[in-house]
Amino acid sequence: MTDSRKLVVSFSSCNFLFSFTSWMVFYYLPLYLKNLGLPDERIGILIGVFSLTTLFLVAFFGLLSDKFSPRRLLQLGVVLFLVCLSGLYFLPAFINIFILLIIGGSGSTLYLVSLYSLYYKHLKLKRRGKSIGMFFLSAHFGFGLGPLLGGFISRYGSGAVIFAVGAGIMFLLFLITFALPDTAPLRFSLAKYKNDLKRKEVFLLVLIVFIMGIHFGAERVTNSLFMREDIGLTIWQIGQIFFFLGIWLGIFSLISGHLFDRNKGTIVLLSLGLFLSGGFQILTSLADSYLSMLLIRLAHTVGDAFIILSLGLLVSFLFPHKRMGGNFGFLVTVRTGGMFLGALISGILNGNFGYKPSFIFSGLLVVFLSLYLFPRRRIFDRVLSG
């Protein structure tokens, strides 16, 4: 196995295991909390504190990954997440869970920012599309397979068993991280980050990331509720749809990577992805059965795959590798803020007008973004050709 292929396999394995575990656990965490007898308000607080931890810490952790060993930081993140899962198994009380989810949110953020920035720092120019496509494929497969195993465990055991299984996988992940290459910490002024971010192509990237954050936030709040309440799907059917979407998303991420390596059309791919994603987001409001929902969301996911791969490529080209952590952390902060806003707007729309308007609102926003971006695609030419 070549060094380049070994690099992709080792990082992709780490990405898969963490994605698999986090989706396995947090897809079913609200049901577990409900079974503990917690009211909906407290469940909302507990789920929200995990996301808010990401929002407040991600940029800071990105800076740390540039100035300290990113491999040691991601290993610390794994340990913190393992502590969270172990505590959830043994300490099922509200205040304990609240503290544990702050620890888990910190660990998850530290791990993901360090892993992604470290991977970008080691990427070679040759076959970069395929390398990023494989990396994202691993996370999407984790998204598809994690809830499936979680559903199996929930069906045949107590909900707390999921945390024990997740802790075991995190211990395995901790051992695997020692195979990852590290980078030497660097010293430079924070003003360097300002210079990185004030370019017009970066401003356009930030706008795309923010609007896609709104889009994803609307999906998180509305998708499952729409399938459950409007279409009448069972929890098992909803889990199946997430499984198929995760696998489909992973496959098209790899296809997107091959397309980039062959013709370098990143911005055309991104514009097409935005149009497909937004258009089929709008059409989701017309779904009225398991099959129609699945088919529409599969078509929507093709667009999402193009978007996610293209954004990953833009990040890898736009920012200096030695300052990748801080800049990537800033983008994740922007995306998380967008997700919070999208979730807030969708919650208001859902409560007053039902679930369909959320799909129409978030879909139109992305379609308009595609139409705005395409005439401005030349802004990125200088960077992508370099």
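Residues numbered from 1 in each chain as written. Predicted model: local features only at pLDDT ≥ 70, side-chain atom pairs only at ≥ 80, totals over all residues. Heavy atoms only, no water.

Would you explain the overall build of the protein chain in this entry?
The helix and strand inventory of the protein chain stands at 15 helices and zero strands. For a compact globule of 386 residues, the expected C-alpha radius of gyration is about 21 Å, and the protein chain comes in at 20 Å, within 12% of that figure. Each principal axis of the C-alpha atoms in the protein chain carries an extent, and together these give about 55 × 45 × 40 Å. For the protein chain, buried positions account for 53% of its 386 residues. Across the protein chain, the fraction of contacts at a sequence separation of at least 24, relative to all contacts at a separation of at least 6, is 86%. Accessible surface, the protein chain as shown: approximately 16,700 Å² in total, 70% of it carbon and sulfur. Treating the 33 positive side-chain charges of the protein chain as one cloud and the 14 negative ones as another, the clouds have centres 11 Å apart. (Helix = DSSP H or I, 4+ residues; strand = E, 2+ residues; numbered from the N terminus. Rg over C-alpha atoms; globule rule 2.2 N^0.38 Å. Buried < 20%, exposed > 50% of the residue type's maximum accessible area, 1.4 Å probe, protein only. Contact = heavy atoms within 4.5 Å. Areas by Shrake-Rupley, 256 points an atom, 1.4 Å probe, with all protein chains shown as cover. Lys, Arg positive; Asp, Glu negative; His and termini not counted. Charge placed at Lys NZ, Arg CZ, Asp CG, Glu CD.)

I'm lost on the environment of F90 in this one. Help?
Examined against the element boundaries, F90 turns out to sit in helix 4 (residues 70-90). Residue F90 is classed as exposed on the basis of its relative accessible area, which comes to 62%. Here the alpha-carbon distance between F90 and A160, two residues 70 residues apart in the chain, equals 8.5 Å.

Looking at this structure, I do not really get the pattern of salt bridges. What am I missing?
Where charged atoms from two side chains of opposite charge come close, those side chains can pair. On inspection of all chains with the given rule, the structure shows two salt bridges. The residue R199 makes a salt bridge to E201 at a minimum N-O spacing of 3.7 Å. Its relative accessible area of 24% is what places R199 among the partly exposed residues. By relative accessible area, E201 is classed as buried at 3%. (Salt bridge = Lys/Arg side-chain N within 4 Å of Asp/Glu carboxyl O.)

I would appreciate a short explanation of the side chain of H215 in the present structure.
You can see H215 is positioned in helix 9 (residues 200-231). Residue classification places H215 among the buried residues on the basis of a relative accessible area of 0%. Once you skip the residues sitting within four places of it in the chain, H215 turns out to touch S277, Q281, H300, D304, S362 and V366.

Which parts of the structure should I look at to understand the side chain of H122?
Relative to the assigned elements, H122 resides in helix 5 (residues 94-122). The class for H122 is buried, based on a relative accessible area of 18%. Excluding anything up to four places from it in sequence, H122 contacts L7, F11, P181, D182 and T183.

Would you explain the state of the cysteines in this entry?
Within the structure shown, the criterion is met by zero disulfides. Summary of cysteine pairing: C14 is not part of a disulfide, and the nearest cysteine sulfur, belonging to C84, is at 19 Å. Classification of C14 as buried rests on a relative accessible area of 0%. Owing to a relative accessible area of 0%, C84 belongs among the buried residues under this scheme. (Disulfide = S-S within 2.5 Å.)

Would you mind going over a nonpolar patch on the surface with me for this structure?
Taken together, L52, F56, F210, F340, L341, L344 and I348 make up a surface patch of nonpolar side chains, about 680 Å² in accessible area. The element that contributes the greatest number of residues to the nonpolar patch is helix 13 (residues 324-353), accounting for four residues. Structurally, L52 is set in helix 3 (residues 40-67). Taking relative accessible area as the criterion, L52 reaches 36% and is therefore assigned partly exposed. (Patch = residues over 30% accessible without salt bridge, like charges linked within 9 Å, V, L, I, M, F, W, Y side chains within 5 Å.)

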